[in-house]
Amino acid sequence: MQRRNNTIELNLKSVDRKHVLTVVLLLTSVYFVVQIIIGVAIGSLALISDAGHMLIDVCGLVMALVAMSFSQRPATPNRTYGFYRAEILTPLLNSTFLILLSFYILYEAYQRILSPSQISGHSVILVASVGLAVNLVSIVLLRPHTELKKSNGAHGAYLEIFADTIGSVGVIISGIVIISTKFYMADALISIGIALFILPRTWLLIRKSIHILIEGTPSHLAHEEIKNSILKVKGVTGVFDLHIWTITSGIHALSAHVVVIDNNRSRDVLQEINSILEKNFNISHATIQIESYHESNKI
């Protein structure tokens, strides 16, 4: 019953995240169109680079929504865990695009430094201010869904929009500098700053996604701590072949061979282990192979 309740709760949270992501997608898409048109019209690399980042946000949000729809599909004989991993692939692909975009921005900024062009600082400030407002609203909407244990896709979207917010502030500063000093190179320098800000954050998200895909132990779960907790169960004398991994955000799995002294208590031992794993470590998908102490010694 507890496992069923957890599944229902997870589905309700997924529906809520889907609505939030849809609203954020609409806001981001509209602003992207406005920003790219004005950025090209006035020749601002800072606006164009920020618009490019917005485009990646739009793609990421679309992929996150598609991934959530796939993840809610039931399991099949060919895909026994369903489509949960689709949500992990989303931030991985999105982050890869962001890194490529960052290098493109750096290249274009270098060209602008060699040959600066005049830009309307007032237009830059106006457009970036609207973008700042859009990003702040999106952050407020996404904030409750940003933890990896809830949604890796929402977490990725939050990081990207947070980076956009910093970028919008930077673009506004560049506009102020251009108006005050006519230092047009500020546009290219701010673009470099945006690119350098994007790179480390996206790299961290890529590492987390890859760690899940290669079935690494979740960072918040200690392998030895879980092993020792199982060993403390009365009647358990050994634990081996212990594996812990993440199926998707918030869903962790475990498999292990557990050696017991008395085979007649196998069911009680198994129930106690499952209870410990679920209550103490939030692991509801556990496969435990019970083995007899005497049989394991023969091996």
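Residues numbered from 1 in each chain as written. Predicted model: local features only at pLDDT ≥ 70, side-chain atom pairs only at ≥ 80, totals over all residues. Heavy atoms only, no water.

### A word on the overall build of the protein chain
Now for step 1: A tally of helices and strands in the protein chain yields nine helices and three strands.
Now for step 2: Along the chain direction, N to C, the helices and strands of the protein chain fall in the order α-α-α-α-α-α-α-β-β-α-β-α.
Now for step 3: Buried positions account for 45% of the 299 residues belonging to the protein chain.
Now for step 4: Long-range pairs, those at least 24 residues apart, make up 74% of the contacts in the protein chain between residues at least 6 apart in sequence.
Now for step 5: For the protein chain, the computed accessible surface area is about 15300 Å², with 63% contributed by carbon and sulfur atoms. (Helix = DSSP H or I, 4+ residues; strand = E, 2+ residues; numbered from the N terminus. Buried < 20%, exposed > 50% of the residue type's maximum accessible area, 1.4 Å probe, protein only. Contact = heavy atoms within 4.5 Å. Areas by Shrake-Rupley, 256 points an atom, 1.4 Å probe, with all protein chains shown as cover.)

### Focus on the nonpolar core
Now for step 1: Counting 23 residues, the largest nonpolar core has L47, V124 and V171 as the members making the most contacts within it.
Now for step 2: Elements with a contribution of two residues or more to this core: α1 (2-42), α2 (45-71), α3 (86-114), α4 (121-142), α5 (152-181) and α6 (185-213).
Now for step 3: The element that contributes the greatest number of residues to this core is α2, accounting for five residues.
Now for step 4: Excluding its chain neighbours within four sequence positions, the residues that come into contact with L47 are Q35, G39, I42, V124, V127, A128 and V171.
Now for step 5: In terms of nonpolar packing, the next biggest core, distinct from the first, is built from 20 residues, I244, A256, I273 and I290 among them. (Core = buried A, V, L, I, M, F, W, Y, C linked by side-chain atoms within 4.5 Å.)

### Considerations on unusual backbone geometry
Now for step 1: Phi at K182 takes a positive value of approximately 60°, unusual for a residue other than glycine.
Now for step 2: In this fold, K182 is placed in the loop between α5 and α6.
Now for step 3: Since its relative accessible area comes to 54%, K182 is described here as exposed.
Now for step 4: The phi dihedral of N282 falls on the positive side, at around 55°, and the residue is not glycine.
Now for step 5: With respect to the helices and strands, N282 occurs in the loop between α8 (266-281) and β3 (285-292).
Now for step 6: Relative accessible area serves as the criterion here: at 47%, N282 is assigned to the partly exposed category.

### A few points about the confidence of the model for the protein chain
Note that predicted coordinates carrying low pLDDT should not be read in detail.
Now for step 1: With 85% of its residues at a pLDDT of 70 or more, the protein chain has an overall mean of 79.
Now for step 2: Considering each helix and strand of the protein chain separately, the mean pLDDT is smallest for helix α9 (residues 293-298), with a value of 55, and largest for helix α7 (residues 223-231), with 92. (pLDDT = per-residue confidence, 0-100.)

### A short note on the environment of S29
Now for step 1: Counting through the fold element by element, S29 comes out in helix α1.
Now for step 2: Residue classification places S29 among the partly exposed positions, given a relative accessible area of 24%.
Now for step 3: Between the C-alpha atom of S29 and that of L61, which follows or precedes it by 32 residues, the distance is 9.9 Å.
Now for step 4: Here the side chain of S29 touches L25 through a polar contact of 2.7 Å, landing on its backbone oxygen. (Polar contact = N/O pair within 3.5 Å; in protein donor to acceptor, adjacent residues only side chain to side chain.)

### Topic: α6
Helical geometry note: an α-helix holds 3.6 residues per turn, so side chains three or four residues apart project in the same direction.
Now for step 1: Between its first and last C-alpha, α6 extends 42 Å over 29 residues, near the 42 Å set by a 1.5 Å rise per residue.
Now for step 2: Phi turns positive one or two residues past the end of α6, at E215, with a value near 60°. (Expected span 1.5 Å × (residues − 1).)

### Some points on the pattern of salt bridges
Opposite charge on two side chains lets them pair, provided their charged atoms get close.
Now for step 1: Considering all chains together, one arrives at one salt bridge under this definition.
Now for step 2: A salt bridge links R112 to D187, with the nearest nitrogen and oxygen atoms 3.8 Å apart. With R112 in helix α3 and D187 in helix α6, this pair connects stretches of sequence that are 75 residues apart.
Now for step 3: Classification of R112 as partly exposed rests on a relative accessible area of 21%.
Now for step 4: Exposure remark for D187: the relative accessible area of 1% places this residue in the buried category. (Salt bridge = Lys/Arg side-chain N within 4 Å of Asp/Glu carboxyl O.)

### Quick notes on the packing of α7 against α8
Now for step 1: In contact at an axis separation of 10 Å, α7 and α8 are set at 140° when each is read in the N-to-C sense. For the pair α7 and α8, the sense of crossing is right-handed. On the side of α7, the interface is formed by E225, I226, S229 and I230, while α8 contributes I273, I276, L277 and F281.
Now for step 2: Each residue belonging to the contact of α7 with α8 can be placed in one class, and the counts come to six nonpolar, one polar and one charged. (Axes fitted to C-alpha atoms, helices over the stretch in contact; angles between N-to-C directions. Left-handed = near helix turned anticlockwise from the far one by under 90°. Nonpolar A, V, L, I, M, F, W, Y, C, P; charged D, E, K, R; others polar.)

### Looking at the pairing of strand β2 (residues 251-260)
Now for step 1: Across the ten residues that make up β2, a large majority, nine, are buried.
Now for step 2: Across nine bridges, strand β1 (residues 236-248) lies against β2 in antiparallel orientation. Looking at the pairing, H243 lines up with S255 of β2.
Now for step 3: In terms of strand pairing, β2 meets β3 through eight bridges, oriented parallel. (Pairing = 2+ DSSP bridges.)

### Concerning α7
Now for step 1: Listed in full, the buried residues belonging to α7 are I226, S229 and I230. Burial along α7 is one-sided: seen end-on, the buried residues are contained in an arc of 100°.
Now for step 2: Residues of α7 that are buried make contact with β1, β2 and α8. (Arc of directions from axis to C-beta.)

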